[in-house]
Amino acid sequence: WGIDFFWIAAIGLVLITALYTIFGGMKSVLYTSVLQTPILLLGSLIILVLGMKALGSWDQMLQLCDVKPNYEGATGTMIHLMRSNTDPQYPWLGALIGSAVIGFWYWCTDQYIVQRVLSGKNEKESRRGTIFGAYLKLLPVFLFLIPGMIAFAMSSKGITLPNGEVFVLSTPDAAFPTLVAKLL
C-alpha cells in the first residue's frame, strides 16, 4: 500500500507507551525498565560474542585497534584509555575530572534518576536500587565499548559476513547499530 511499516510501528509504540504511562503511572514505567534491562544486556552480550567470533580473536582485535588516533597532536593509541596529559583532546587529568563531574550530575541532579530514587518504598530500597544501578553502569564498558572496538577492527580488516557481504562501518557513531543490523 506504499506505507512504511517503520512509521506505523514507531507511532504505535509511542501510543502504547503513552497509554500505560498515563494509566499505570511511575510504577508501570519502573516495571518497563526492569523488563527492558535484561533484554538490552542480553542483546549486547550476543553482539559481543558474535562480533568476536566473526573477528577471530581478542588479540586480533587489539592488533587492529592499536592505531594512533587521527587528530592533530594525538598521543598513545586507540586502545589506551589513559592518554598523555598533553593530548589536546583527551588528557588523562581532564578525562578524570570530567568523568567525576558528569557522574555527579547524572546520579544526583538528573530528574530521571532522582524520580526513580524517590519512588522507592523506603530509604533502604532506594539506596539498594541506586547501588545496583551503579553496578549496571559498569557493564557498558564491556557490552558497548568492546563491540565498538570490534566494529572498528572488522571494518579495518574488511571481514566478510556469512551472507557474503563485507562489513563496512560508515561512521564511528554507527558502530553498535551496524553490528546489530549485520550480525543479528
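To start, this report covers the structure provided alongside it.

Criteria and cut-off values
- Residues numbered from 1 in each chain as written.
- Predicted model: local features only at pLDDT ≥ 70, side-chain atom pairs only at ≥ 80, totals over all residues.
- Heavy atoms only, no water.
- Phe/Tyr/Trp six-rings, centres within 6.5 Å; stacked < 30°, edge-to-face > 60°.
- Buried < 20%, exposed > 50% of the residue type's maximum accessible area, 1.4 Å probe, protein only.
- Helix = DSSP H or I, 4+ residues; strand = E, 2+ residues; numbered from the N terminus.
- Polar contact = N/O pair within 3.5 Å; in protein donor to acceptor, adjacent residues only side chain to side chain.
- Contact = heavy atoms within 4.5 Å.
- Core = buried A, V, L, I, M, F, W, Y, C linked by side-chain atoms within 4.5 Å.
- Salt bridge = Lys/Arg side-chain N within 4 Å of Asp/Glu carboxyl O.

### Concerning the packing of aromatic side chains
The tally for this structure, following the rule as stated, stands at one aromatic pair. Ring geometry for Phe-6 versus Trp-7: centroids 5.1 Å apart, planes at 80°, classification edge-to-face. Among the residues examined, Phe-6 registers a relative accessible area of 51% and is labelled exposed.

### Points about the side chain of Thr-77
Tracing the backbone shows Thr-77 in the loop between α2 (58–65) and α3 (92–108). Given the relative accessible area of 17%, Thr-77 is considered buried. A distance of 2.7 Å separates the side chain of Thr-77 from the side chain of Asp-66, its partner in a polar contact. In this structure, Thr-77 is in contact with Asp-66, Val-67, Lys-68, Pro-69 and Arg-83, ignoring residues within four places of it in sequence.

### Concerning the nonpolar core
Among the nonpolar cores identified, the biggest contains 20 residues, and Met-61, Ile-150, Met-154, Phe-167 and Leu-179 are the most heavily contacted of them. Breaking this core down by element, the ones donating at least two residues are α1 (5–55), α2, α5 (123–157) and α6 (175–183). Apart from residues no more than four positions distant in its own chain, Met-61 is found in contact with Met-52, Leu-55, Ile-146, Met-149, Ile-150 and Ala-153.

### Concerning the pattern of salt bridges
If you walk through the whole model with that rule in mind, you get three salt bridges. Here Arg-127 ties to Glu-123 by a salt bridge, and the two come within 2.6 Å at their closest N and O atoms. Highlighted residues: Arg-127 and Glu-123, both in helix α5, separated by four residues, approximately one helical turn. By relative accessible area, Arg-127 is classed as exposed at 54%. Residue classification places Glu-123 among the exposed positions, given a relative accessible area of 54%. Here Glu-125 and Arg-128 are joined by a salt bridge, their closest N and O atoms 3.8 Å apart. Here Glu-125 and its partner Arg-128 are both found in helix α5, three residues apart, which amounts to about one turn of the helix.

Nothing here speaks to function; it is all geometry.
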